[in-house]
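Architecture and fold: a report
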Amino acid sequence: MPASLCGTWDMISNVNLEGYMIALGISPFIRKIALRLKLRKVIEQQGDQYIIKTTSNFRNYTVSFRVGQEFQEFTQGLDNKHVKSLVTWEGNKLVCEQIGEKKNRGWAHWIEDDKLHLELYCEGEVCKQVFKKNANE
Ligand code: 1AG
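Description of the structure in this document. Here the structure is a predicted model, which is why all the values come from computation and not from measurement.

1. Digging into the pattern of salt bridges
Within this structure, the stated rule accounts for 5 salt bridges. The closest approach of N and O atoms between Arg31 and Glu18, which form a salt bridge, is 3.1 Å. Of this pair, Arg31 sits in helix H2 (residues 28–35) while Glu18 is found in helix H1 (residues 17–24), placing the two residues 13 residues apart along the sequence. Given a relative accessible area of 15%, Arg31 falls into the buried group. Between Arg105 and Asp79 there is a salt bridge; the shortest N-O distance is 2.8 Å. Remark: Asp79 occurs in the loop between strand S5 (71–74) and strand S6 (82–90) and Arg105 occurs in the loop between strand S7 (93–99) and strand S8 (106–112); sequence separation between them is 26 residues. Classification of Asp79 as buried rests on a relative accessible area of 9%.

Here you go:
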């Protein structure tokens, strides 16, 4: 059983968000704002049901899904695309495949050294983010 992803997590590093956003077709103006954001993840789980909230002082994004059950995702406030998503466990990684206009799109979350890790993929670009558990938990 992999370590729980649940909790409130604050971003401590963010590598190649720029490349990922360019692959998604985000405008230079929005990219410049997005690069400055301190992101927070709030992850809740009940059995196979997850709710992952990404928050910032610019925009928020929430996705909820059941592991192993395909769902329609609308990436509202990100690149505003409709994708067909499927989240599964691959070893200790919670992996999402996002099928749509962009090739090789998805993400993976896992716990390593008490930190929450996230890789965001799109068309060969990989953004790597690491979050530490919020001290107030
Ligand atoms: C995600 O995480 C992405 C969450 O699905 C957002 C992370 C980085 C930004 C991604 C794309 C940038 C697109 C547009 C820029 C506009 C706004 C800036 C970001 C606003 C934050 C919400 C995977 C997983 C579950 O944790 O969603």
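2. Structural notes on the packing of H1 against H2
As a packed pair, H1 and H2 sit with axes 10 Å apart at the nearest point and diverge in direction by 150°. For the element pair H1 / H2, the angle class is roughly antiparallel. Taken as a pair, H1 and H2 cross one another with a handedness that is right-handed. On the side of H1, the interface is formed by Leu17, Glu18, Met21 and Ile22, while H2 contributes Arg31, Ala34 and Leu35. Taken together, the residues of the contact of H1 with H2 sort by class into 5 nonpolar, no polar and 2 charged.

3. Notes on H1
Counting buried positions along H1 gives 6 out of 8 residues, so the element sits mostly inside the fold. What H1 keeps buried is the set Leu17, Gly19, Tyr20, Met21, Ala23 and Leu24. In the core, the buried residues of H1 are packed alongside strand S1 (7–15), H2, strand S9 (115–122) and strand S10 (125–133).

4. Quick look at empty space enclosed by the protein
For the coordinates displayed, the defined rule picks out 1 cavity of 30 Å³ or more. There is about 610 Å³ of room inside the largest cavity. Taken together, 32 residues form the lining of the largest cavity, with Tyr20, Leu39, Thr54, Tyr61 and Leu78 sitting closest to its centre. Secondary-structure elements contributing two or more residues to the lining of the largest cavity are H1, H2, strand S3 (49–55), strand S4 (61–66), S8 and S9. Top element by residues in the lining of the largest cavity is H1. It accounts for 4 residues.

Parameters at a glance
Residues numbered from 1 in each chain as written. Predicted model: local features only at pLDDT ≥ 70, side-chain atom pairs only at ≥ 80, totals over all residues. Heavy atoms only, no water. Salt bridge = Lys/Arg side-chain N within 4 Å of Asp/Glu carboxyl O. Helix = DSSP H or I, 4+ residues; strand = E, 2+ residues; numbered from the N terminus. Buried < 20%, exposed > 50% of the residue type's maximum accessible area, 1.4 Å probe, protein only. Axes fitted to C-alpha atoms, helices over the stretch in contact; angles between N-to-C directions. Parallel < 35°, antiparallel > 145°, perpendicular 65-115°, else oblique. Left-handed = near helix turned anticlockwise from the far one by under 90°. Contact = heavy atoms within 4.5 Å. Nonpolar A, V, L, I, M, F, W, Y, C, P; charged D, E, K, R; others polar. 1 Å grid on protein atoms, 1.4 Å probe; cavity = no way out; pocket = protein on both sides within 12 Å on 5 of 7 lines; lining within 4 Å. Points joined across faces, edges and corners; volume = space filled by probe spheres on them.

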